[in-house]
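Geometric and topological summary
In case you want the letters, here they are:
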Amino acid sequence: MSHRARAVWMNREDRQQWWRRRIEGWHEGLVEERNNTDRKVREQLEMKTKREAEKKQFVNWKREALDSAADAALDSFKKLRPKAITMRDIYAGAVVDSEAAAWIGQDYEDYLNKYDYTVVMAYPYMDKEDPQEYLQEIAQVVKDKGGVNKTIVKVQSYDWDKEAWLDGTSFAKQLRILKRSGMKNMGYYPATFCYWEK
């Protein structure tokens, strides 16, 4: 006999008890399901927190290892040439994106404090970015961090994808964008550009 048919043959009090038991059973099932869901969510959050902590620990270890190696080389060099000017390259992504900075293990502000100059490798064509927006964004971050006097923004003179030197207009455009954006120190890579004519 179906639940509906059984309910019709019961007296009113029995029907109420029967429905009460059904509702209580549904409620218990819902409570149990909610508790299971809450437990799963807590476990997922704990795993995510653990992964983030491990990632942060790895990034800190990597940054410290890179900085330690660079500092040791710099100390040795300074013993031979105490008045030498020091510079360190940094990937443009690490300048404009804190997540990239963490993953790469480079810190622009730290570099500004440690070295005479920080050289930002700003290669819009290699990074498949619009030169105007890309270089203006880098320039803005440099200004915001107070690094204008201690930063050299290095642009590309060669397009590695096309395996060809940039034409004079494209090359000069990068430098004009940086100059208009308030950058004082600029460079380019590779430096052999000026010796190659087509």
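Higher on the page you've got the structure.
To start, this report covers the structure provided alongside it. (Residues numbered from 1 in each chain as written. Predicted model: local features only at pLDDT ≥ 70, side-chain atom pairs only at ≥ 80, totals over all residues. Heavy atoms only, no water.)

**Focus: the overall build of the chain**
Inclusion rule: Segments assigned H or I by DSSP are reported as helices when at least four residues long, segments assigned E as strands when at least two residues long, and all are numbered from the N terminus. The atom set for the radius of gyration is the C-alpha atoms, and the globule formula is 2.2 Å times the number of residues raised to the power 0.38. To sort residues, take the accessible area from a 1.4 Å probe on protein chains only and compare it with the maximum for the residue type: under 20% means buried, over 50% means exposed, and anything in between is partly exposed. Here, residues are in contact when the closest pair of their heavy atoms is within 4.5 Å. Per-residue accessibility takes into account occlusion by the displayed protein chains alone, with areas from the Shrake-Rupley method and a 1.4 Å probe. Counted charges follow a simple rule, with Lys and Arg positive, Asp and Glu negative, and His plus the chain ends left uncounted. Charge coordinates come from a single atom per side chain, which is NZ of Lys, CZ of Arg, CG of Asp or CD of Glu.
Secondary structure summary: the chain contains 7 helices and 6 strands in total. Seen in sequence order, the chain has helices and strands lined up from the N terminus as α-α-β-α-α-α-β-α-β-β-β-α-β. Rg of the C-alpha trace for the chain: 31 Å, well past the compact-globule value of 16 Å for 198 residues, more than 25% over. Here the chain, with 198 residues, has 31% of them falling under the buried criterion. In the chain, the proportion of contacts linking residues at least 24 apart, taken out of those at least 6 apart, comes to 68%. Accessible surface for the chain amounts to roughly 14,100 Å². Of this, 52% is attributable to carbon and sulfur atoms. For the chain, the distance from the average position of its 36 positive side-chain charges to the average position of its 33 negative side-chain charges is 2 Å.

**Regarding the pattern of salt bridges**
Rule in force here: Salt bridges are defined as contacts in which a side-chain nitrogen from Lys or Arg sits within 4 Å of a carboxyl oxygen from Asp or Glu.
Applying the stated criterion across every chain, the model contains 9 salt bridges. In this structure, Arg34 engages Asp38 in a salt bridge whose closest nitrogen and oxygen atoms are separated by 3.9 Å. Here Arg34 pairs with Asp38, and both are found in helix H2 (residues 12-80), just 4 residues apart, close to one helical turn. A residue is classified by how much of its surface remains accessible, and Arg34, at 59% relative accessible area, is exposed. The exposure class assigned to Asp38 is partly exposed, which follows from its relative accessible area of 30%. Connected through shared salt-bridge partners, Asp67, Asp71, Arg88, Asp110 and Lys114 make up one network.

**Some thoughts on H2**
The condition is simple: To estimate the expected span of a helix, count its residues, drop one, and scale the result by 1.5 Å.
Helix length check: H2 (69 residues) gives 101 Å between terminal C-alpha atoms against 102 Å at 1.5 Å per residue, within 8%. Burial in H2 covers these residues: Trp18, Val59, Lys62, Arg63, Asp67 and Leu74.

**A few points about a nonpolar patch on the surface**
We apply this condition: Patches draw on residues past 30% relative accessible area with no salt bridge. Two like charges within 9 Å are joined, as are two nonpolar side chains (Val, Leu, Ile, Met, Phe, Trp, Tyr) within 5 Å.
A surface patch of nonpolar side chains, amounting to about 340 Å² of accessible area, comprises Trp19, Ile23 and Trp26. Mapped onto the elements, Trp19 comes out in helix H2.

**A short note on the environment of Gly146**
The residue Gly146 is located in the loop between helix H6 (131-144) and strand S3 (151-156) in this model. Its relative accessible area of 64% is what places Gly146 among the exposed residues.

**A look at the pairing of strand S2 (residues 117-121)**
The following threshold applies: Being paired, for any two strands, means DSSP has found at least two bridges between them. If the strands point away from the viewer and the path from the first strand over the helix to the second runs clockwise, then the crossover is right-handed.
By the bridge criterion, 5 bridges tie strand S1 (residues 87-91) to S2 in an arrangement that is parallel. Among the inter-strand pairings, Arg88 is bridged to a residue of S2, identified as Thr118. Pairing analysis gives 4 bridges linking S2 to S3, with the strands arranged parallel. Bridged to Thr118 within S3 is Thr151. Between the parallel pair S2 and S3, the chain is carried across by H6, and the sense of this crossover is right-handed.

**Overview of the packing of aromatic side chains**
Heads up, the condition is: Ring pairs shown here join Phe, Tyr and Trp side chains whose ring centres sit within 6.5 Å, with only the six-membered ring taken for Trp; geometry is labelled stacked below 30 degrees between planes, edge-to-face above 60, and tilted in between.
This model, assessed by the stated rule, comprises 8 aromatic pairs. Aromatic side chains Tyr123 and Trp160 sit 5.7 Å apart centroid to centroid with 50 degrees between the ring planes, which places their arrangement in the tilted category. Remark: Trp160 occurs in the loop between strand S4 (158-159) and strand S5 (164-165) and Tyr123 occurs in the loop between S2 and H6; sequence separation between them is 37 residues. A relative accessible area of 6% means that Tyr123 is categorised as buried. Through a chain of ring-to-ring contacts, three or more aromatic side chains come together here, namely Tyr123, Tyr158, Trp160, Trp165 and Tyr189.

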